[in-house]
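Descriptive analysis of the structure
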Amino acid sequence: MGFADLSIAEIAADYNLPAAEVMVLCDRLGIAYKNPQTRLALEDAKAIISQILSQRQSETSDRQ
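Rules and cut-offs
- Residues numbered from 1 in each chain as written.
- Predicted model: local features only at pLDDT ≥ 70, side-chain atom pairs only at ≥ 80, totals over all residues.
- Heavy atoms only, no water.
- Helix = DSSP H or I, 4+ residues; strand = E, 2+ residues; numbered from the N terminus.
- Contact = heavy atoms within 4.5 Å.
- Areas by Shrake-Rupley, 256 points an atom, 1.4 Å probe, with all protein chains shown as cover.
- Lys, Arg positive; Asp, Glu negative; His and termini not counted.
- Charge placed at Lys NZ, Arg CZ, Asp CG, Glu CD.
- Core = buried A, V, L, I, M, F, W, Y, C linked by side-chain atoms within 4.5 Å.
- Buried < 20%, exposed > 50% of the residue type's maximum accessible area, 1.4 Å probe, protein only.
- Salt bridge = Lys/Arg side-chain N within 4 Å of Asp/Glu carboxyl O.
- Expected span 1.5 Å × (residues − 1).
- Arc of directions from axis to C-beta.
- Polar contact = N/O pair within 3.5 Å; in protein donor to acceptor, adjacent residues only side chain to side chain.

A closer look at the overall build of the protein
The helix and strand tally for the protein stands at three helices and two strands. Overall, the protein is about 40 × 20 × 20 Å in size when its C-alpha atoms are taken along their principal axes. Sequence separation of 24 or more characterises 66% of the internal contacts of the protein that already satisfy a separation of 6 or more. Approximately 4,300 Å² of the protein is accessible, and the part contributed by carbon and sulfur atoms is 49%. Across the protein, the mean location of the 6 positive side-chain charges is 1 Å away from that of the 9 negative side-chain charges.

Some remarks on the nonpolar core
One finds Ile8, Ile11, Val22, Leu40, Ile48 and Ile52 to be the most contacted residues of the largest nonpolar core, which totals 14 residues. Residue assignment for this core shows that the elements contributing at least two residues are α1 (8–14), α2 (19–29) and α3 (42–63).

Considerations on the pattern of salt bridges
Throughout the structure, instances matching the rule amount to three salt bridges. Between glutamate 10 and arginine 39 there is a salt bridge whose closest N-O contact spans 2.7 Å. Taken together, the positions of glutamate 10 in helix α1 and arginine 39 in strand β2 (residues 39–41) put the pair 29 residues apart, joining distant regions of the chain. Put simply, Asp5, Glu10 and Arg39 are held in one network by salt bridges that share partners.

Structural notes on α3
If you check α3, its first and last C-alpha atoms are 32 Å apart, about what 22 residues at 1.5 Å a residue would give, namely 32 Å. Along α3, the residues that are buried comprise Ala45, Ile48, Ile49 and Ile52. Seen from one end, α3 has its buried residues packed into an arc of 95°, which puts them on one side. Projecting away from the buried face of α3 at angles above 90 degrees are the exposed residues Gln57 and Asp62. As for α3, its buried residues are in contact with β1 (3–7), α1, α2 and β2.

Topic: the side chain of threonine 38
Its place among the elements puts threonine 38 in the loop between α2 and β2. Judged by relative accessible area, which is 16%, threonine 38 ranks as buried. A distance of 2.9 Å separates a polar side-chain atom of threonine 38 from the backbone nitrogen of lysine 34. In terms of polar contacts, threonine 38 uses its side chain to reach the backbone carbonyl oxygen of asparagine 35, at 2.8 Å. Setting aside residues no more than four positions away along its own chain, threonine 38 makes contact with Leu6, Ser7, Ile8, Ala32 and Tyr33.

No statement about biological role is implied by the geometric values presented.
Laid out in C-alpha cells, this is it:
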C-alpha cells in the first residue's frame, strides 16, 4: 500500500475542516492514527476525501 504523503491536518486544511472532524471520520472508517500529523496510506486518504465529498454533496442536495 502506498502513502499519499498527506496528514490528517493537511486534509482538514485542504477541505476547510477542523482536524478533529477528520479524526472522527478516521474512527468511523477504522483508520488508525496517532495525531493530526499522522501520514496516511493512499487508500485511507482516498477514503477520507471520498467521505468528505460525499457529505458535502448530501448537504448541497438537502439545501435544494
